[in-house]
Amino acid sequence: MNLWPVAAVTFKEGIRNRAIYGISLFALLFLVASQLVSGMIMQDVGKVVVDMALSTVSFSGLLLVLFVGINLMAKDLDRRTIYMVLSRPISRSQYLFGKFLGMALLIITTVALVGFFAVAAIVLTKLRFPNFFGQFTWWLVFLSIAYTTLSLILLTALSFLFASLVSTSFITLVLTICSYLIGHAISDVKALVETPQAVGIQVAPLTVKLVQGAYYFFPNLSLFDIKTQAAHGLAVPLASICWTVVYGLGYTAIVMILASLIFSKREFP
Amino acid sequence: MRRVVPIILLCALLPLHAVSLRYAAQARKALPQGREEAAYAIPGPILKITSLEFDGLASDLMFLRALVFYGSTYERKEKPRVKDWEWQRLYRELTAATDLDPYFRDPYYFAEGTLPWDGHLVNETNLLLEKGSKFRDWDWLMPFYVGFNHFYFLQDNAQASTYLMEASKRPGSSVTIASLATRLAVKGDRTETAIVFLEQLLTQEKDEEIKKEYKVRLKALKGIWVLEKAVASYNASFGKPPASLNALVERRLLRQIPVDPYGGTFYLDEDGAVKTTSDLRHKEDK
């Protein structure tokens, strides 16, 4: 397979994108803020700083996928630069998977960079308030960052699917944001409609069925969110890690295969 | 010439911007607004949905909001410092914070230090702490707080004993707690038990403001305890209760009557129990 050249070009193009500086700046500012906030907390300082650090990592990753990732793929179609690529001896699915590989590398690099700052912020707080870190374990922090990476790669795969379906990058962006929102809310919504008495509302049986159906259709991104566990040092069993990784990779593979099927059949104007 | 027109326009528009901002903001303030007292609290399960993957962060912010609000009331001159509906709002905010992250220690801790004391929200605080006790199942302080509230505010020794037993089983709890639990189950020696309780709380406390509050209460309770012991020994020596607390000093059982740190005076009621005119509350809170 001839994936590497496309992947390398995509990665370089992404790294050169100025948006990356903005994202890094945002991450740095947020981590400085975490230092200020942690001074206001009475007891659970460790929890708050881990919350803020890990949230920074996932939010900057999200910005990367939405504002750099989508441009890399969808702008090729928008600006018709794709004709140049397709005239070369490379198949359409090779192009698609190469782009995806480059984007995945870009995500891993950026998350590693922001993750480094996040870890630095935690270390700094730990030095300042060593007695206020309850049951804290480093490996859960790293696991959480790895989970975030996996969920961002899944989201990128979805954005590729949307890009091969629709004609403008703006619609791809909107659809990706929608899937992100649904993906993180769906399991809470399912829990809510299955036990509506918790907030004293009534839910029609049809709605429950619809939500349960949607639960299998949309990606359940909340599976990759173990920030609470990491913040409190709660146990994450090995079986749950294995199943989550299998789910993430499986869903990504399904979406990418669908995307390449659609993309190969697509007619360009 | 071509450059002059935009510059003149800018010079004219900048003051207009400042003036319009000012008046627009004033006019907005005058718009009819919902009463803050009746503000609706969003239920936890809904908040969990809207905060997406940032539940923990949302919980931190909700807690800080409550904390900053409570801190800001110290600047107020009016009495009581915090109104009833504001206590209710604090309770709702702390509930929301712990719905978002039920493992977060600070909201429980802050609630125990404020809501049952001046806010008189004892049952609500217990409800909150029961959640804390369920999720933070390694933390002995959660059932300890509930036990303390049952003993001190609700005067229910049997319930208090049950919660303390639970606390004594958790890691890190001291031997005192187990003996407190048994003492509560056996007899109602309230003042001494309360002192032991408060001393236990004080050793755990790191917040200076709350510490100060506990210390004042401890001092008052110790005063009552000294008086109670003196009354008991008066009873034993003379076969009848003293007519007033001054009798204790006259008979040299006490050198002097202790001072109530809340600003009241200790007295002996008809049943022979030691009370204080301050009712163990700061004057301004009454």
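Residues numbered from 1 in each chain as written. Chains lettered and ligands numbered in written order. Predicted model: local features only at pLDDT ≥ 70, side-chain atom pairs only at ≥ 80, totals over all residues. Heavy atoms only, no water.

Further remarks concern the domain arrangement of chain B. Residue and element names in this part refer to chain B. By domain assignment, chain B separates into domain 1 (40-128), domain 2 (137-204) and domain 3 (218-285). Taken over C-alpha atoms, the centre of domain 2 sits 25 Å from the centre of domain 3. On the side of domain 3, seven residues touch domain 2, which itself brings eight residues to the contact. When the area that domain 2 buries against domain 3 is broken down by residue, the three leading residues are T191, I195 and L198, summing to 59%. Between domain 2 and domain 3 we count one salt bridge in total. (Domains from an automatic or database assignment. Contact = heavy atoms within 4.5 Å. Buried area = accessible area lost by both parts, 1.4 Å probe. Salt bridge = Lys/Arg side-chain N within 4 Å of Asp/Glu carboxyl O.)

With that out of the way, let us pick up the nonpolar core. Core analysis: the largest hydrophobic core is formed by 134 residues, its most contacted members being V50(A), F63(B), F110(B) and F144(B). With 19 residues, the top contributor of residues to this core is helix α3 (residues 45-78) of chain A. The residues contacting F110(B), other than those within four sequence positions of it, are M42(A), F63(B), A66(B), L67(B), Y70(B), L90(B) and L94(B). The next biggest cluster of nonpolar side chains, apart from the first, holds 12 residues, and it includes I224(B), A230(B), L245(B) and V274(B). (Core = buried A, V, L, I, M, F, W, Y, C linked by side-chain atoms within 4.5 Å. Buried < 20%, exposed > 50% of the residue type's maximum accessible area, 1.4 Å probe, protein only. Helix = DSSP H or I, 4+ residues; strand = E, 2+ residues; numbered from the N terminus.)

The next point concerns helix α1 (residues 4-16) of chain A. If you check α1(A), its first and last C-alpha atoms are 18 Å apart, about what 13 residues at 1.5 Å a residue would give, namely 18 Å. Structurally, α1(A) contributes buried residues whose contacts are with α2 (19-38), α3 and α5 (92-128) of chain A. (Expected span 1.5 Å × (residues − 1).)

Moving on: the pattern of salt bridges. Scanning all chains against the criterion turns up 16 salt bridges over all chains. Of the charged contacts, one joins D225(A) and K227(A) as a salt bridge, the two residues approaching to 3.1 Å between their closest N and O atoms. There is no split in this pair, since D225(A) and K227(A) are both buried. A salt bridge links E53(B) to K227(A), with the nearest nitrogen and oxygen atoms 2.8 Å apart. Linking E53(B) in the loop between α2 (44-50) and α3 (55-72) with K227(A) in helix α9 (residues 227-232), this pair reaches from one chain into another. When its relative accessible area of 8% is taken as the criterion, E53(B) is described as buried.

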